[in-house]
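Observations on the three-dimensional arrangement
Here are the chains, one letter per residue:
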Amino acid sequence: MIDRIIWREIDWVLLGIVGALSFIGIAMIWSSTRLLMENYAFRQLVWWFVSLIALFLLLYVDYHFLAEYSSYFYGLLLVVLAGLIFWGEKIAGTRSWIRFSFFQIQPSEIMKLALILVLARYFANYRREKISTVDFIAVSGLAALPIGLIAWQPDLGTALGLLPIYLGAVFLAGINRKLVVVLLLGGLIIGFLGWNFFLLDYQKERLLTVAFPERDPLGSGYQIQQSKIAIGSGGFSGKGFGQGSQSQLRFLPARHTDFIFSVVGEEFGFIGLVVVLGLYAFLLIRIFQSGLKAKDRMGVYIAFLVGIVFAFQFFINILMTVGLAPVTGIPLPLVSYGGSSLLTHYLLLSLVINVRMRRFTYI
């Protein structure tokens, strides 16, 4: 019956917002890279078509079925992530990629999808008012394995992207004060050990740059300084499409990936930034509304955890561009260049639409 009613039940409002953000992203990628040899905008357009097809194909599969077999998907990705540490192709200092003939893919991004489904299945029939210590330890282990493997690659930004999924699931299940204290102490211990034994020198510099932006203006602080200049120079209405000096003259690093929000600010000014921020606000509202309309606990977890992923990446990327968060390589969802990221976020949104359209038992 889904074949006859799928078009009626699809959340076209959500897809419209997603399409608008994707269009802005492709336009900004073209503007910021049009003078380069690589055609990044065309690649992003191809990935957009692939992601859109994948989104619609996934709608035909009930999210309960996906969750039921998510443990196998999760396990397979763990094996792949472990293998990448030793055999993955090294790009930008990390072994996070698998290269095929005409494209490359980042399995750590797709792990977000697997972790959400695994946690949603774990808590689907949970009836406790507060999460038990045993369940807390089990869920912590489920999250710690991929986070540890991704951090080992080392890809700290993507590893941090899994953390809000874990925290969101734990707090949604209900957590008592003792476990909150355990989380805080665990965070402090991990932070201490990470700073002294695991973080590389350039990662430490990025953290210090947030507190002291003038510490190394030509090194670790250069990106943030140029990002602020780009956003500030845009003024109220911007310099015009393709006319940004920071992006066109290549003063702004990673302008088509991590700092694409700065390109929007420079070329379209305060007006452009408000439009992008407004679209994200509506997107998050729509996602969380889908969670409220879900017919079961599993659907609630899926929608809310997807919303948390988008909210976390959105806020961290924005704070990063204005110097209030360290540069960790977290892209702006749907807008920044990156095929694996775009595909993953479209699949996550497909889960949200899946939950919303199956709130009726006949679908």
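Chains are numbered independently. Their residues run from 1 in the order of the written sequence. Owing to the predicted nature of the model, reporting of local features is limited to residues with pLDDT of at least 70; listing and counting of side-chain atom pairs is limited to 80 or more, with chain, interface and lining totals taken over all residues. Side-chain numbers come from the whole structure's heavy atoms, not from hydrogens or water.

**Quick notes on the overall build of the protein chain**
Tallying secondary structure elements over the protein chain gives 15 helices and three strands in all. Taken across its 363 residues, the protein chain has 52% of its residues classed as buried. Relative to all contacts within the protein chain whose residues are 6 or more apart in sequence, the contacts with residues 24 or more apart total 73%. Carbon and sulfur atoms make up 69% of the accessible area of the protein chain, which amounts to about 17,000 Å² in all. In this text, helices come from DSSP runs of H or I with a minimum length of four residues, and strands from runs of E with a minimum of two, each type numbered from the N-terminal end. Each residue's exposure class comes from its accessible area (1.4 Å probe, protein chains only) as a fraction of the maximum for that residue type: buried when under 20%, exposed when over 50%, partly exposed otherwise. Here, residues are in contact when the closest pair of their heavy atoms is within 4.5 Å. Every accessible area reported is derived by Shrake-Rupley at a probe size of 1.4 Å, with residue values counting cover from the shown protein chains alone.

**Quick word on the environment of Gly 25**
Structurally, the position occupied by Gly 25 is in helix α2 (residues 12-33). Given the relative accessible area of 0%, Gly 25 is considered buried. Counting along the chain gives 232 residues from Gly 25 to Thr 257, while the straight-line C-alpha distance between them is 9.7 Å.

**As for the nonpolar core**
Nine residue types can take part in a nonpolar core, namely buried Ala, Val, Leu, Ile, Met, Phe, Trp, Tyr and Cys, and a core is a set of them joined through side-chain atoms within 4.5 Å. Residues Leu 283, Ile 302, Phe 310 and Leu 334 are the most contacted members of the largest nonpolar core, which totals 100 residues. Those residues in contact with Phe 310 that sit more than four places away from it in its chain are Leu 283, Leu 284, Ile 287, Pro 333, Leu 334, His 345, Leu 348 and Leu 349.

**What to know about the confidence of the model for the protein chain**
For every residue, the pLDDT score states the predictor's confidence, bounded by 0 at the bottom and 100 at the top. Averaged over every residue, the pLDDT of the protein chain is 87; the share at 70 or more is 90%. Taken element by element, the predicted model of the protein chain shows its lowest mean pLDDT in helix α10 (residues 201-211) (62) and its highest in helix α13 (residues 260-292) (96).

**A closer look at the packing of helix α5 (residues 70-87) against helix α6 (residues 107-122)**
Fitted lines through C-alpha atoms give the axes, limited to the stretch in contact for helices. The angle between two N-to-C directions lies from 0 to 180 degrees. The contact between α5 and α6 brings their axes to 9 Å, and the two run at 150°. Judged by the twist between their axes, the crossing of α5 over α6 is left-handed. Listed contacts from α6 to Ser 70, Ser 71, Phe 73, Tyr 74, Leu 77, Leu 78, Val 80, Leu 81 and Leu 84 of α5 are Pro 107, Ser 108, Ile 110, Met 111, Leu 113, Ala 114, Leu 115, Leu 117, Val 118 and Arg 121. Residue polarity is assigned by list, with Asp, Glu, Lys and Arg as charged and Ala, Val, Leu, Ile, Met, Phe, Trp, Tyr, Cys and Pro as nonpolar; anything else, Gly included, falls into the polar class. Partitioned by chemical class, the residues of the contact of α5 with α6 number 15 nonpolar, three polar and one charged. A crossing counts as left-handed when the near helix is turned anticlockwise from the far one by less than a right angle, and as right-handed when that turn is clockwise.

**A few points about helix α3 (residues 40-59)**
What a helix is expected to span follows from its residue count: subtract one and scale by 1.5 Å. Taking 1.5 Å as the rise per residue, α3 with 20 residues should run 28 Å; its terminal C-alpha atoms sit 29 Å apart, in good agreement. Listed as buried for α3 are Tyr 40, Ala 41, Gln 44, Trp 47, Ser 51, Ala 54, Leu 55, Leu 58 and Leu 59. Each buried residue of α3 sits inside an arc of 135° when the element is viewed along its axis, so together they form one side. Away from the buried face of α3 by more than 90 degrees, exposed residues Phe 42, Ile 53 and Leu 57 are located. Taken from the helix axis, the directions to the C-beta atoms give the arc we talk about.

**As for the packing of aromatic side chains**
Within 6.5 Å between ring centres, the rings of Phe, Tyr and Trp (the latter by its six-membered ring) count as paired, and their orientation is classed by plane angle as stacked under 30 degrees, edge-to-face over 60, tilted in between. Under the counting rule described, the total for this entry stands at 16 aromatic pairs. Between Phe 86 and Trp 87 the ring centres are 5.9 Å apart and the planes differ by 55°, which places this aromatic pair in the tilted class. For Phe 86, a relative accessible area of 54% corresponds to the exposed category. Judged by its relative accessible area of 74%, Trp 87 is exposed. Ring geometry for Tyr 122 versus Phe 123: centroids 5.2 Å apart, planes at 70°, classification edge-to-face. Ring-pair connections join several aromatic residues into one group, and the members of that group are Tyr 122, Phe 123, Tyr 126 and Tyr 301.

**A word on unusual backbone geometry**
That bond from Gln 153 to Pro 154 is cis: its omega, -5°, falls within 30 degrees of zero. Among the secondary structure elements, Pro 154 is positioned in the loop between α7 (133-152) and α8 (156-173). In the Ramachandran plot, Ala 254 falls in the positive-phi region, its phi being about 45° despite a non-glycine side chain. Along the chain, the position of Ala 254 falls in the loop between α12 (245-248) and α13. According to the relative accessible area criterion, Ala 254 is partly exposed, its value standing at 23%. Even without a glycine there, the phi angle at Leu 334 is positive, about 75°. Tracing the chain through its elements places Leu 334 in the loop between α14 (297-321) and α15 (339-357).

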